[in-house]
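Chain and residue survey
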Amino acid sequence: MDQFLVVFVDGINYAAWLFLSAVGLTLIYGVMKIVNVAHGSFYSLGAYVSATVVGLWFRYGFDPYLSYLALFVAALLAGFVVGPPIERFLLRYQYDKDEVVILLITYGLFLILEDVIKLIWGVDPYFVSEPYELLGNFEFASMTYPSYYILMVVLALLVGLTLMFVLKKTQFGRMLISVIHDREISSAMGINVGKIFILTFGAGCSLAALAGAFTAPTISVTPGLGVEVIVLSFAVVVTGGLGSMAGVALASIIMGLVRAFCIHFAPELELFVIFSVMALVLSFRPRGLFSLAESRKI
Amino acid sequence: MTQQISLKKLTLLALPLLVASPWMPQWMLFMVTIAMANGLVGLGLMLFLRAGLVSFGQALYFCVGAYTTGLISHFFKFNEVLILLLLSALASGVLAFALGFLLAKYRAIFFGLLSLAFSMILYGLLAKSEALGSTDGFNIPAVTLMGWLPPSDLVRVSILWVAFITVGICLIFINGLIRSPRGLLLTAIRDNEIRTEYMGGSARKTIHLIYVIAGVLAGLGGAIAAIAVGHIDPTMAFWTTSGEFIFITILGGIGSVLAPFLGALVFGVIHTLAFSNSPNTWQLLIGSTLIFVILLLPDGLWSLTSKFKRVK
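Everything in this summary refers to the structure shown in the same document. Bear in mind the structure is a predicted one, so any value in this text is a computation, not a measurement.

Right, let's talk about the overall build of chain B for a bit. Each helix and strand counted, chain B has 13 helices and two strands in total. For 312 residues, the compact-globule estimate of 2.2 N^0.38 gives 20 Å, and chain B sits close to it at 19 Å. On the principal axes, the C-alpha backbone points of chain B span a range of 55 × 45 × 40 Å. For chain B, the residues scored as buried account for 58% of the 312 residues in total. Put simply, of all contacts in chain B between residues at least 6 apart along the chain, 80% involve residues at least 24 apart. Considering chain B, the positive charge centre built from 18 side chains and the negative charge centre built from 10 side chains are found 15 Å apart.

See the structure below:
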């Protein structure tokens with residue numbers, strides 16, 4: 001029984017991480033119909049920015065507990081500084097192209113950003129475990145876990161609930177939903193679609209950076225960080241149904257638990273199992289768990 | 001839009017290279033061989049692109065081809081290159097045939113991402129299997145050509161010749177295919193699948209067919225690459241490998257069966273030069289080239305050839 005509790009705690013922690021990493025991707029796809037491969041680069045960007053910020057924060061001896069706030073703000077800033085110009089000056093002119101072509105453009109961006117990050121931060125790893133160690137441990141079902149787990153889960157819940165609130169309850173969210181359903185009619189009704197797009201892209205990129213920033217203290221920050229994250233995010237988002245927020249949440253939980261189960265009982269299947277879940281779900285529900293109906297082109 | 005190539009033209013193109021090959025420096029022989037292997041994968045992706053599909057998992061068959069060759073030569077000590085190539089093609093083809101039943105029903109982004117999932121499944125399996133060297137992979141012994149073991153100074157040349165002959169056969173076959181009614185259906189499927197079906201063409205069968213063909217081509221490419229490099233590892237199935245193949249195909253364009261090979265050669269040159277000069281910025285170069293080609297040269301480098309041709 002205890003072992004299942006361990007699996008459960010590990011699974012929820014991993015699910016929180018998956019959700020944070022993937023939610024920006026589904027937001028951007030839902031609104032703009034862009035599968036953004038550069039999402040992985042924004043994750044790395046967040047991690048590197050976080051490494052720098054935490055490094056400086058502790059060197060100058062600011063209040064260590066406020067470092068989480070610094071991480072949060074730095075990640076949001078990084079996403080909003082780098083993301084919107086990409087939308088405004090490159091992607092904006094490509095919307096009449098095929099989804100797959102836009103995907104290839106973002107793949108090009110991904111390759112460029114990977115090297116830009118290397119040029120700025122170098123290729124040596126960064127270690128910033130201070131925020132991770134600061135919280136200490138907690139006990140649950142006679143096992144000790146780092147309290148950072150709780151922080152990740154709380155952050156994921158916070159992000160999820162905020163997004164839900166913005167989408168369902170605010171004017172901006174309602175405009176967003178109308179743009180998701182019909183870009184042209186929304187624009188005819190007076191919604192500034194260009195503004196919605198640039199904000200959504202910025203928000204999606206910031207979410208990726210946020211995930212990277214809060215993961216950075218738990219890992220060594222090295223080049224190529226985003227390469228793995230982007231395929232995992234794809235797996236989660238596609239399994240949940242591209243563009244569906246609830247889908248991402250459910251898919252993260254399923255994959256988090258399945259992976260934790262595998263790590264405890266059959267560690268050699270760790271990577272295999274996530275993509276197997278994706279392939280399995282797609283074979284029975286070709287558009288993912290929660291998918292919007294789509295009209296066919298005659 | 002398709003330029004037809006004749007057998008004569010093909011021989012004219014390949015002959016100077018074949019004749020010059022014994023005098024080429026070793027690195028160039030290696031680069032051209034790898035370009036041929038990548039070009040074969042690109043040739044399969046070109047068929048997909050004609051039908052409006054992009055596969056992000058072609059590395060799956062590349063890796064299956066490479067591992068088939070690797071496993072047979074490593075564990076069974078059997079290293080006759082022509083048989084190895086055939087078996088690799090067969091293994092990839094059988095897998096593609098099986099997965100094709102599922103994938104032929106998918107379009108657009110879902111086709112790409114589901115194929116990505118399958119290649120990552122193989123990566124995940126290989127990276128964790130210690131018997132096959134985990135992420136380090138293993139070495140492949142030297143191969144024989146019809147019982148003849150080439151001396152060390154002729155190894156690269158002989159592999160290049162084998163690659164050339166394989167590529168030549170594939171080119172003739174694919175060139176015939178894209179001009180056949182089945183091949184012409186591909187463009188029709190891209191333009192409008194429902195109308196194509198009304199005319200009596202089966203989109204599912206056509207896509208299944210090219211899926212198997214592309215799988216076989218990628219398997220051959222993987223086998224050639226494995227023999228040329230002499231080492232295989234699971235990154236051959238990783239998604240970034242698929243990304244490189246897509247880059248090659250987009251760079252070359254879909255105007256001719258030769259286009260992917262042009263793309264692969266240019267990629268090889270960029271890779272060799274940029275990687276040795278500045279390893280930290282070569283992806284930047286590849287990424288910028290990709291965006292540049294998509295925006296300014298949507299039909300790829302091959303479209304340049306027709307711009308300089310006189311109008312007949």
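Taken together, the contact pairs 42 residues of chain B with 47 residues of chain A. Roughly 4,000 Å² is buried in total at the junction of chain B and chain A, and carbon and sulfur atoms are behind 78% of that figure. At the junction of chain B with chain A, the criterion picks out five residue pairs in polar contact (both at pLDDT 80 or more). Breaking the side of chain B that touches chain A down by element, the ones donating at least two residues are α5 (108-128), α7 (181-191), α8 (193-198), α10 (239-252) and α12 (282-296) of chain B. No other element matches the 14 residues that α5(B) contributes to the side of chain B that touches chain A. The residue makeup of the side of chain B that touches chain A, split by class, is 28 nonpolar, nine polar and five charged.

A separate point is a nonpolar patch on the surface. All names here are of chain B. Together, F75, F76, F78, I83, L87, L90 and V94 make up an exposed nonpolar region whose accessible area comes to about 680 Å². The element that contributes the greatest number of residues to the nonpolar patch is helix α4 (residues 81-103), accounting for four residues. Its location among the elements puts I83 in helix α4.

A separate point is the pairing of strand β2 (residues 137-140) of chain A. Residue and element names in this part refer to chain A. Bridge count for β2 against strand β3 (residues 143-146) is four bridges, and the pairing is antiparallel. The residue bridging F140 from the neighbouring strand is M143, located in β3. Between β2 and β3, which pair antiparallel and follow one another directly, the connecting turn spans two residues, one of which, A141, has a positive phi of 50°.

This paragraph deals with the pattern of salt bridges. Using the criterion set out here, one finds four salt bridges over all chains in the structure. Linking D115(A) and K118(A) is a salt bridge whose minimum nitrogen-to-oxygen distance equals 3.4 Å. Linking D115(A) with K118(A), this pair stays in helix α4 (residues 99-121), spanning three residues, or about one helical turn. Judged by relative accessible area, K118(A) falls into the buried class, the value being 15%. Here D191(B) makes a salt bridge to R190(B), at a shortest N to O gap of 3.9 Å.

On to the environment of H271(B). Checked against the element boundaries, H271(B) lands in helix α11 (residues 259-277). Beyond its immediate chain neighbours, meaning those up to four positions away, H271(B) contacts S276(B) and W282(B).

Phi is positive for K33(A), close to 60°, though the residue is something other than glycine. Mapped onto the elements of the fold, K33(A) is located in the loop between α1 (2-32) and α2 (39-59). Its identity is not glycine, yet A108(B) carries a phi of approximately 50°, on the positive side. Within the secondary structure, A108(B) sits in helix α5.

Cut-off values and rules
Residues numbered from 1 in each chain as written. Chains lettered and ligands numbered in written order. Predicted model: local features only at pLDDT ≥ 70, side-chain atom pairs only at ≥ 80, totals over all residues. Heavy atoms only, no water. Helix = DSSP H or I, 4+ residues; strand = E, 2+ residues; numbered from the N terminus. Rg over C-alpha atoms; globule rule 2.2 N^0.38 Å. Buried < 20%, exposed > 50% of the residue type's maximum accessible area, 1.4 Å probe, protein only. Contact = heavy atoms within 4.5 Å. Lys, Arg positive; Asp, Glu negative; His and termini not counted. Charge placed at Lys NZ, Arg CZ, Asp CG, Glu CD. Buried area = accessible area lost by both parts, 1.4 Å probe. Polar contact = N/O pair within 3.5 Å; in protein donor to acceptor, adjacent residues only side chain to side chain. Nonpolar A, V, L, I, M, F, W, Y, C, P; charged D, E, K, R; others polar. Patch = residues over 30% accessible without salt bridge, like charges linked within 9 Å, V, L, I, M, F, W, Y side chains within 5 Å. Areas by Shrake-Rupley, 256 points an atom, 1.4 Å probe, with all protein chains shown as cover. Salt bridge = Lys/Arg side-chain N within 4 Å of Asp/Glu carboxyl O. Pairing = 2+ DSSP bridges.

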